[in-house]
Amino acid sequence: MQRTINYMQRTINRNLLKYSAGRSIFCGQCSAIADARRWVVVSHNDDILGMCAPCWDSLKKGRPTPGFEVVDGREEFGRKKAAA
Ligand SMILES: [Zn+2]
């Protein structure tokens, strides 16, 4: 059952990343072309923000991010084998 939930969660996260990157086309911070595999969706309370992974890395650098829910394309698309 946990396996099924993990699978569903991963599918949802991947689709969220694809949707967000597809809608954005470019990163709002640095104008890099949006790629779901290098895209991060951050939500905090009811605010949702999408940006490229390098921008998220530099933004969160040295800052604690309590209460932030982060969906990172590098993780979501980079662990295919672990879930098989
Ligand atoms: Zn960026």
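Note that the coordinates shown come from a computational prediction; the quantities given were computed from them, not determined experimentally.

Caption draft 1: Broad picture of the sheet that holds strand β1 (residues 39–44). On the basis of which strands lie adjacent, the open sheet formed by 3 strands has the order β2-β1-β3 and antiparallel pairing. In this open sheet, the two edge strands, each paired with only one partner strand, are β2 (47–52) and β3 (68–72). Neighbour-to-neighbour, the strand axes of the sheet open up by a mean angle of 20 degrees, direction not taken into account. Here β1 runs beside β2; their pairing, made up of 6 bridges, is antiparallel. Each bridged residue has a counterpart across the sheet, and for S43 the counterpart in β2 is I48. Its contacts with the sheet place helix α2 (residues 53–60) against β1, β2 and β3, and it is angled at close to 115 degrees to β2.

Rules used in this analysis
- Residues numbered from 1 in each chain as written.
- Predicted model: local features only at pLDDT ≥ 70, side-chain atom pairs only at ≥ 80, totals over all residues.
- Pairing = 2+ DSSP bridges.
- Helix = DSSP H or I, 4+ residues; strand = E, 2+ residues; numbered from the N terminus.
- Axes fitted to C-alpha atoms, helices over the stretch in contact; angles between N-to-C directions.
- Contact = placed C-beta atoms within 7 Å.

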